[in-house]
Amino acid sequence: MRLIVRLLSTLLGLALAAAGALLAVEFAWAAWKPGEHVLVPWRDWAAALGSVDWTATVTRLVAGGLLLLGLVLLWVATGARRRDVRLADPAPEVTVTTSPRSLARLVGTRVRAEDGVSSATVTASVAKVRVRAASRLLAKNELRPRVLEVTRTVVTDLPLPRTPKVSVVVASPKERR
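First, a word on scope: everything that follows refers to the structure included in this document. (Residues numbered from 1 in each chain as written. Predicted model: local features only at pLDDT ≥ 70, side-chain atom pairs only at ≥ 80, totals over all residues. Heavy atoms only, no water.)

1. Things to note about the pairing of strand S4 (residues 128-134)
Piece 1. Burial along S4 is one-sided: the face carrying Val129, Val131 and Ala133 is buried and the face carrying Lys128, Arg130, Arg132 and Ala134 is not.
Piece 2. Looking at chain direction, strand S3 (residues 119-124) and S4 are connected through six bridges and run antiparallel. If you follow Thr121 over to S4, its bridge partner there is Arg132.
Piece 3. Counting the residues in the hairpin turn of S3 and S4 gives three residues.
Piece 4. Between S4 and its parallel partner strand S5 (residues 165-171), the chain crosses via helix H5 (residues 140-157), and the hand of that crossover is right-handed. (Buried < 20%, exposed > 50% of the residue type's maximum accessible area, 1.4 Å probe, protein only. Helix = DSSP H or I, 4+ residues; strand = E, 2+ residues; numbered from the N terminus. Pairing = 2+ DSSP bridges. Right-handed = clockwise from strand over helix to strand, strands pointing away.)

Here's what the structure looks like:
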């Protein structure tokens, strides 16, 4: 979600920069040659907009569209908060958190260190830890319990107030043949 907010803020910044540059060019041109324009026919636009009534359908549709766009941007911005994983607080005045990425790295390191695991991909959130592991040596029915046990051990050893759900998917070339 933060990617969307970064993209939107970048696009908004570029649009504002372009509008500022256009305004500066138009202002300089109007100062040099009064009554003329470079790119935007300001006087024609001002005359056209001056004739539009506040109660006109077009005005209401534009206002409604801008309101809807603002609400969508507000919804996107509020959903873009950091989703840190809280750890048990060691003292009342101390709050300890870690990122989902750090939790995934910790679990991934322990799973990859397990015998028979050739590769593992881990994603983590506050509610769930997902592990995808593969082995060239072990069958699925041998690998899955090992990876599941290691993952559960790592997650339970952490001082988490609420233990996330663990999901393990394994792939083994022995079953594919």
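2. Here's the deal with the packing of helix H1 (residues 2-32) against helix H3 (residues 57-78)
Piece 1. With their axes 9 Å apart at the nearest point, H1 and H3 run at an angle of 135 degrees to one another. Judged by the angle between their axes, H1 and H3 are oblique. Note on packing geometry: the crossing formed by H1 with H3 is left-handed. Across from Ile4, Val5 and Leu8 in H1, the residues of H3 making contact are Leu73, Val76 and Ala77.
Piece 2. Among the residues forming the contact of H1 with H3, the class breakdown is six nonpolar, no polar and no charged. (Axes fitted to C-alpha atoms, helices over the stretch in contact; angles between N-to-C directions. Parallel < 35°, antiparallel > 145°, perpendicular 65-115°, else oblique. Left-handed = near helix turned anticlockwise from the far one by under 90°. Contact = heavy atoms within 4.5 Å. Nonpolar A, V, L, I, M, F, W, Y, C, P; charged D, E, K, R; others polar.)

3. Notes on the nonpolar core
Generally speaking, soluble globular proteins have nonpolar side chains that are buried together.
Piece 1. Counting residues in each nonpolar core, the largest one holds 24 residues, and the members touching the most others are Val107, Val111, Val129, Val131, Val147 and Val168.
Piece 2. Mapped by element, the contributors of at least two residues to this core are strand S1 (85-87), helix H4 (100-112), S3, S4, H5 and S5.
Piece 3. With six residues, the single largest contributor to this core is H5.
Piece 4. Discounting chain neighbours no more than four positions away, the residues touching Val107 are Val122, Val129, Val131, Thr151, Val154 and Val155. (Core = buried A, V, L, I, M, F, W, Y, C linked by side-chain atoms within 4.5 Å.)

4. Comments concerning the environment of Val107
Piece 1. When you line up the elements, Val107 lands in helix H4.
Piece 2. When its relative accessible area of 0% is taken as the criterion, Val107 is described as buried.
Piece 3. C-alpha separation for the pair Val107 and Trp42, spaced 65 residues apart in sequence, amounts to 61 Å.

5. A word on the side chain of Ser99
Piece 1. Tracing the chain through its elements places Ser99 in the loop between strand S2 (96-98) and H4.
Piece 2. Within polar-contact distance, the side chain of Ser99 engages the side chain of Ser102 at 3.0 Å.
Piece 3. Once residues within four sequence positions are removed from consideration, Ser99 is found in contact with Arg82, Asp84 and Val85. (Polar contact = N/O pair within 3.5 Å; in protein donor to acceptor, adjacent residues only side chain to side chain.)

6. Section: a nonpolar patch on the surface
Piece 1. A surface patch of nonpolar side chains, about 620 Å² in accessible area, is lined by Ile4, Leu8, Val58, Val62, Leu66, Leu69 and Leu73.
Piece 2. Listed by contribution, the elements that provide at least two residues to the nonpolar patch are H1 and H3.
Piece 3. For the nonpolar patch, the leading source of residues is H3, giving five residues.
Piece 4. Take Leu66: it is sitting in helix H3. (Patch = residues over 30% accessible without salt bridge, like charges linked within 9 Å, V, L, I, M, F, W, Y side chains within 5 Å. Areas by Shrake-Rupley, 256 points an atom, 1.4 Å probe, with all protein chains shown as cover. Salt bridge = Lys/Arg side-chain N within 4 Å of Asp/Glu carboxyl O.)

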